[in-house]
Amino acid sequence: MFDLVLRGGQVVDGTGQRPPYCADVAVSGQKIVAVGDIAGGSDGPAARTELQIPGLVVAPGFIDTHVHTDAALLNDPQHESGIGMGVTTEVLGQDGLSYAPLSPENYRAYSQYMSGLCGVPPTDLDMSSIAAFRSHYHRKCAVNTVALVPHCAVRLSTVGFEDVPLTGAALDAAKDLVREGIDQGAAGMSTGLGFFPAAYATTEELVELARVVAEMDGVFVIQYRFFNADRAEGLAPVAEALEIGRRSGVKLHIAHHRTTPANPGDAEGLMEELDRAVEDGVDLTLDAYPYPCGSTMPVCRLPGWFVEGGPEAILARLRDPEDRARVEEFLEEINGPALGHTSWSYIGSERNRHLEGMAWSDVAAERGVSVAEMMCDVMLEEELHCGLTVLPPLSIAVWRQIEADVVRLLNRPDYMVGSDAIPIGSGCHPRAFGTYPRLLGRLRRRHGVPLEQLVHRMTGNPAERFKLTGRGTVKEGNFADLVVFDPDRIDDLASFEDPRVPPVGMPHVVVNGQLAKRDGSCTGVLAGEAVP
Ligand SMILES: [Zn+2]
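Below or above, wherever it landed, is the structure these notes cover. The structure presented is a predicted model; accordingly, all values stated were derived computationally and were not measured.

**A closer look at the pairing of strand β16 (residues 386-390)**
Link 1 in the chain: Within β16, 4 of the 5 residues are buried, leaving the element largely enclosed by the surrounding structure.
Link 2 in the chain: Summarising the sheet, strand β14 (residues 295-296) and β16 pair through 2 bridges and their orientation is antiparallel. Looking across to β16, one finds that Ser295 is bridged to Thr389.

Given below as structure tokens:
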């Protein structure tokens, strides 16, 4: 007798090669054991649980290539945001930002630096290695997790939160940490050159680290440079990322690369330079999410000199009148009026909680100060526990054009879907609850994308890139990570106005053979494993 049979659905198998076809799917233990016509038992049912799903699609569970749920999963392991939208595997450790390998002191300090992005993880966990990090998620949360070795942790563990070159013995130690992390199961390494201490790095440092990742056949995930352009050998941000790929030979993966309100409609122009690099031999993949604006933490708006030394030093500079004046001038100069076109997504304290969802321009006006001053004040009041969402463009046409661009980019076989989920705060970005159903629902229908192609970008494609053996496709012998959805009804309900609403049209989600969502509700089963 099988443990579970999904009966009468249309299989979209995740390969992108085969149109939907009618088949039953049988599961025993953690694995898919049969796909085809499964007879009912002659003296009783064929499975302990049978779900009739005529008219619905059964597809591999979605593999989210870019999330910031490293703390959210520890604090709320049922993870309704991810499971709710059909995600069964999440790639953690993104943008160089995560918690291991770190000493207890560095773990506590860096948790505070990252708190606007991730919230606060439990303080007493062993984060001294990637193996320890993985153990905190293994069979303790609803989704499978993949680790990357985060560049910031590597720098913190070797040269601290200092603006110094990583060379000589320190560079050797950093390379050992990367090697060890991948040995312990990380799928590769990540950097984020809009975050510190990663952005203190030169191109040469990044090439050196990427070479280790290449030796180990891992993926090097990069958020390209925002700070310290002078360390990039005269290269613009995208050119620098490609140069790292070219010189190291690593499998390069560029995170959240899409058009913005500055270049809507120019998906082709966006890719020209990258396509030339691929012709030159760069091994490149990318991801994107279907929204016109992003979300992050305000600490990443601050330049390198201001954040050097870590959270205590940042708070001291926020209190210092001269440093404050200088950084506010920097913020106004580099962002202009766009700085106010932002809202507070997450606020740590009760006292300021009412700011969640408020536009920065409104908060500043209410307080009678400039936007930059208000931003610095709130960071200080919250001791950095505050996050932001950029507001969507005022023109709906621009918004729709960027969505069309994302759909067009996802036509390319080198693209996959990464939600960039940050599921904290009442004003969080709707991508944490809506990315996958938004693409499979309204955007697929609006643009007439073949279902099997879009599903491949969410499943088989990332499984292959991140070497998640036995996942990403519906076939016998694979792990039973599955989603069941109604192709005509599926849609996101999470909006900027009401971002924490689960989608419709996706009744069941299976992780490692167990129902994590059934009939539209999370079950509380924590069957996720640290993979691969
Ligand atoms: Zn990110």
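So much for the structure itself; the text now carries on.
**Examining the sheet that holds strand β9 (residues 149-150)**
Link 1 in the chain: One open sheet holds the 6 strands; their spatial order is β9-β10-β11-β12-β13-β17, and the pairing between them is parallel. Two strands bound the open sheet, and with one partner strand each, they are β9 and β17 (415-417).
Link 2 in the chain: Inspection of the sheet shows strand β11 (residues 219-223) paired to strand β12 (residues 251-254) by 4 bridges, in the parallel sense. Across the sheet, residue Val219 finds its bridge partner in β12, namely Lys251.
Link 3 in the chain: Its contacts with the sheet put helix α8 (residues 203-215) on β10 (188-192) and β11, and the angle it makes with β10 is roughly 160 degrees.

**Concerning the nonpolar core**
Buried together is how nonpolar side chains tend to be arranged in soluble globular proteins.
Link 1 in the chain: Counting residues in hydrophobic clusters, the biggest one holds 167 residues, and the most contacted among them are Val25, Val58 and Val178.
Link 2 in the chain: Discounting residues that sit within four places of it in the chain, Val58 has contacts with Leu6, Gly9, Val11, Val25, Ile53, Val474, Leu482 and Val484.

**Brief notes about the packing of helix α17 (residues 431-447) against helix α18 (residues 451-458)**
Link 1 in the chain: Taken N-terminus to C-terminus, the directions of α17 and α18 make an angle of 160 degrees; their axes are 11 Å apart at the nearest point. Judged on the interaxial angle alone, α18 and α17 are roughly antiparallel. For the pair α17 and α18, the crossing hand works out as right-handed. Counted together, Tyr436, Leu439, Leu440 and Arg444 of α17 and Leu451, Leu454 and Met458 of α18 form the full contact between these two elements.
Link 2 in the chain: Across the contact of α17 with α18, the residue classes break down as 6 nonpolar, no polar and 1 charged.

**Topic: the environment of Thr203**
Link 1 in the chain: Looking at the element boundaries, Thr203 is found in helix α8.
Link 2 in the chain: Sequence-distant contacts of Thr203, defined by excluding residues within four places in its chain, comprise Arg231, Ala232, Glu233, Leu235, Glu240, Glu243 and Ile244.

What counts, and at which threshold
- Residues numbered from 1 in each chain as written.
- Predicted model: local features only at pLDDT ≥ 70, side-chain atom pairs only at ≥ 80, totals over all residues.
- Buried ≥ 20, exposed ≤ 12 C-beta atoms within 10 Å, placed from the backbone.
- Helix = DSSP H or I, 4+ residues; strand = E, 2+ residues; numbered from the N terminus.
- Pairing = 2+ DSSP bridges.
- Contact = placed C-beta atoms within 7 Å.
- Axes fitted to C-alpha atoms, helices over the stretch in contact; angles between N-to-C directions.
- Core = buried A, V, L, I, M, F, W, Y, C linked by C-beta atoms within 7 Å.
- Parallel < 35°, antiparallel > 145°, perpendicular 65-115°, else oblique.
- Left-handed = near helix turned anticlockwise from the far one by under 90°.
- Nonpolar A, V, L, I, M, F, W, Y, C, P; charged D, E, K, R; others polar.

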